[in-house]
Amino acid sequence: MSQPCLHLRLISVLLLCCILFASHVLMITALVCRPDQIQALVQFKNEFESNGCNRSDYLNGVQCDNSTGAVTKLQLPSGCFTGVLKPNSSLFGFKHLRYLNLSHNNFTSSSLPFEFSSLKRLEVLSLSSNGFIGQVPSSFSNLIHLTHLNLSHNELTGSFPLVKNLTKLSFLDLSYNQFSGTIPSDLLLTMPFLSHLDLKKNVLTGTFEVTNSTSYRLVYLSLGQNQFEGQILKPISNLINLNHLDVSSLNTSYPIDLSIFSPLKSLLVLHLSRNRLLPASLNSSNIPLSLESLVMPRCDITEFPNILKNLLNLQHLDISSNIIKGKVPEWLWKLPHLSLVNLVNNSFTGFEGSSDVFLNSSVQLLDFAYNSMTGELPVPPPNIIYLSAWNNSFTGNIPLQVCDRSSLTVLDLSYNKLTGPIPQCLSNLKIVNLRKNNLEGSIPDEFYSGGLTQTLDVGYNRLTGKLPRSLLNCSFLRFLSVDNNRIDDTFPFWLKALPNLQVFTLRSNRFFGHLSPPDKGPLSFPELRILELSDNNFTGSLPPSFFVNWKASAIKVDEDGRIYMGDYKHAYYVYEDTLDLQYKGLFMEQGKVLTSYNTIDFSGNKLEGQIPESIGLLKALIALNLSNNAFTGHIPLSLANVTELESLDLSRNHLSGTIPRELGSCFESNENANYHVNNQFCLDSVKEMPSCRRGVYFTNCVTRTHFT
């Protein structure tokens, strides 16, 4: 055998060994499982659409008994399965299961099969957020070894499930369903091991009876958003071991006196949102001094609660969406452990003390948006992570100390009256929103390599100069809005190198030049879904291949399953991107950005020539606005391929010819629909046609016309 052939054979053997080793690693969790059990696991997976996880993800949640090889634990990855869970599912053949967690999978309106009762060895059963409907089978009461039962976040109905025989339960979560009727509180509270009971957001009625006893083990109780009657809080005050209590939205006929919670000396968390509180009890009551978290939004509070002064262990305070006036007292920031404060949507006018009032505060997450605060913005706390002051009336410069706050991640100062320059340290921040202020100068060209910035919104200011080239260093940037400023620059073709940019709007500036110069290559971004260039001075024509390789050519689902764009990865806050949308002839200020939204707006420029035929490749495009330019020629036949289109504006151009029959059949059932006005094409109907999946809209024409 020749040397080259021997060499190739050795390479092949090595590759085969690598493949076998990789397979061995992927299957390592299932090595002790009997072959029939592995076969049954594969069969169970094949009963559903499982594009959300591969074989290794699935098997990583499997454990088998070392001696018998039987499956004893099955935990599905979130979003792994979609389909109906049938009574004859192979799942119910795993008779040795002790731990079963199917939560956060989509069983598409399945009923809970009676056959769960055949899994008699179950100790943990978690079926949260699965889309289950209907009643809980009475046979669930046969699962006598259960210690943990979670049926939350489904659409289960009927009376309270039978739990009489489940005497080993320590954890019971039935929240966010549609259970009705009374609850057997006498039975639940005498269960010897029950410590966690969550019944929030159901349709439960009646009362919650508690006898005068100190023997209850319950430490977590959530009853909020039900339809309980009578003096429900009085008996709860006998549960002296509670450390977490949620009684939000009780809809009592009387204001709640906070003194009723005084016997709960171990209470750490108290949720009271959407209740009426007795005003006097907010200033002097025996509220438990042990409290670490107090949540009181939408409680019609009119004055700042003085009872907070004595809560020296308080970490989390939420008094948002009340009607509190005046200034926030200076003593609040002296509470030694305070870390999260939510003052949003009140009528606060400012803060007591100087601009350094936060200087010695331990607060890390601070939100006082949507108030009536004036004057200078206070210097941020030293360990601040999240600072939101949007929609107030702060004036003066942005404090330079924001650049000294190394932990600061989110800075939202939008919708104020701030002046002066933008700080030089934007690269240090993940989210920067300075929209609708009176900021001047240029955007700092100080974005360093490896910068963390994901969202940068400086729209509606008085910014000049050019777009900073150092933005190219922001590889995580996904949202960039510089609209309605005075930026004088050519189109930033160099931004094509950003791998994550999804939204880019530079509407109403002084950008100029061609969008397709021969030396710049095609204008295609790897992930761009929203591009708004309207009301600038762009000129020239667009080549037929202009829209090749654009993001909107494919319909994709957000990887995390989110509806809106934003930052959802922090444990204590959510930031959702917003954008001024021009859609179907309407202007929507600060709308949340749907992850499925794809739009292109080139209106109000000086573009000429024909509309590129490649526009038909943008299969996922929802809105297209090319109005108020100088386009000529015919409407591309390929537009009929853009089947997701909901809004189309081609008005105020020099288009000629007829409405393409293919497009007309999508817009109106009359296939011969067409219109001519002095050799100029003009569309101005605002109606949705049943022949389209969603419909196509034509708006803003000089001459009002209709199809005939």
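Residues numbered from 1 in each chain as written. Predicted model: local features only at pLDDT ≥ 70, side-chain atom pairs only at ≥ 80, totals over all residues. Heavy atoms only, no water.

Trainee: What is the right way to read the layout of surface pockets from this model?
Mentor: Space left empty within the atom packing is revealed by a probe, the size of a water molecule, rolled over the atoms. Taken as a whole, the second largest pocket encloses approximately 730 Å³ of empty space. Along the walls of the second largest pocket sit 27 residues, with Asp367, Tyr386, Trp390, Val574 and Tyr575 positioned nearest its centre. For the lining of the second largest pocket, the class distribution of residues is 14 nonpolar, eight polar and five charged. (1 Å grid on protein atoms, 1.4 Å probe; cavity = no way out; pocket = protein on both sides within 12 Å on 5 of 7 lines; lining within 4 Å. Points joined across faces, edges and corners; volume = space filled by probe spheres on them. Nonpolar A, V, L, I, M, F, W, Y, C, P; charged D, E, K, R; others polar.)

Trainee: When you look at the nonpolar core in this model, what are you seeing that I'm missing?
Mentor: Within soluble globular proteins, side chains that are nonpolar generally end up buried alongside one another. In this structure, Leu91, Phe116, Ile236, Trp333, Phe368 and Phe602 are the most contacted members of the largest nonpolar core, which totals 174 residues. Per element, the largest residue contribution to this core is four residues, and it comes from helix H2 (residues 35–46). Excluding its chain neighbours within four sequence positions, the residues that come into contact with leucine 91 are Phe44, Leu74, Leu85, Leu97, Leu100, Leu102, Phe116 and Leu119. Counting ten residues, the second largest nonpolar core, distinct from the first, contains Val503, Met565, Leu579 and Val593. (Core = buried A, V, L, I, M, F, W, Y, C linked by side-chain atoms within 4.5 Å. Buried < 20%, exposed > 50% of the residue type's maximum accessible area, 1.4 Å probe, protein only. Helix = DSSP H or I, 4+ residues; strand = E, 2+ residues; numbered from the N terminus. Contact = heavy atoms within 4.5 Å.)

Trainee: So what exactly am I meant to see when it comes to the pairing of strand S34 (residues 537–541) here?
Mentor: A regular strand places its side chains so that they alternate between the two faces of the sheet. Because side chains alternate across S34, one face comprises the buried residues Phe538 and Gly540, and the other comprises Asn537, Thr539 and Ser541, none of which is buried. Bridge analysis of strand S32 (residues 512–514) against S34 gives three bridges, and the strand direction is parallel. Residue pairing for S34: glycine 513 is matched across the bridge by phenylalanine 538. (Pairing = 2+ DSSP bridges.)

Trainee: Teacher, can you tell me more about the confidence of the model for the chain here?
Mentor: Confidence in the prediction of the chain, expressed as mean pLDDT, is 85, and 86% of residues score 70 or more. Contacts for the low-pLDDT stretch residues 667–708, under 50 throughout, to residues beyond four places or in other chains number 108 contacts. (pLDDT = per-residue confidence, 0-100.)

Trainee: Looking at this structure, how should I read the environment of tyrosine 58?
Mentor: Locating tyrosine 58 in the fold gives a position in helix H3 (residues 55–59). Take tyrosine 58: its relative accessible area is 2%, and that puts it in the buried class. Put simply, tyrosine 58 and lysine 45 are 13 residues apart on the chain and 8.3 Å apart in space, counted from C-alpha to C-alpha. Tyrosine 58 has contacts with Leu41, Phe44, Lys45, Leu74, Leu76, Pro77 and Phe81, leaving out every residue within four places of it along the chain.

Trainee: Any chance you could explain the pattern of salt bridges here in plain terms?
Mentor: Side chains that differ in sign of charge can pair as their charged atoms come close. Considering all chains together, one arrives at 13 salt bridges under this definition. Its salt-bridge partner being aspartate 457, residue arginine 435 comes within 2.9 Å of it at the nearest N-O pair. Here arginine 435 is found in the loop between strand S26 (431–433) and strand S27 (438–441), whereas its partner aspartate 457 is found in strand S28 (residues 455–457), with 22 residues between them in sequence. Residue arginine 435 is classed as buried on the basis of its relative accessible area, which comes to 1%. One salt bridge in this structure joins glutamate 576 and lysine 592, with 3.0 Å as the shortest N-O distance. Taken together, the residues span a long stretch of sequence, with glutamate 576 in strand S36 (residues 575–576) and lysine 592 in strand S38 (residues 586–592) at a distance of 16 residues. Here the salt bridges share partners, and the residues they tie into one network are Arg435, Asp457, Asp483, Arg507, Glu532 and Asp580. (Salt bridge = Lys/Arg side-chain N within 4 Å of Asp/Glu carboxyl O.)

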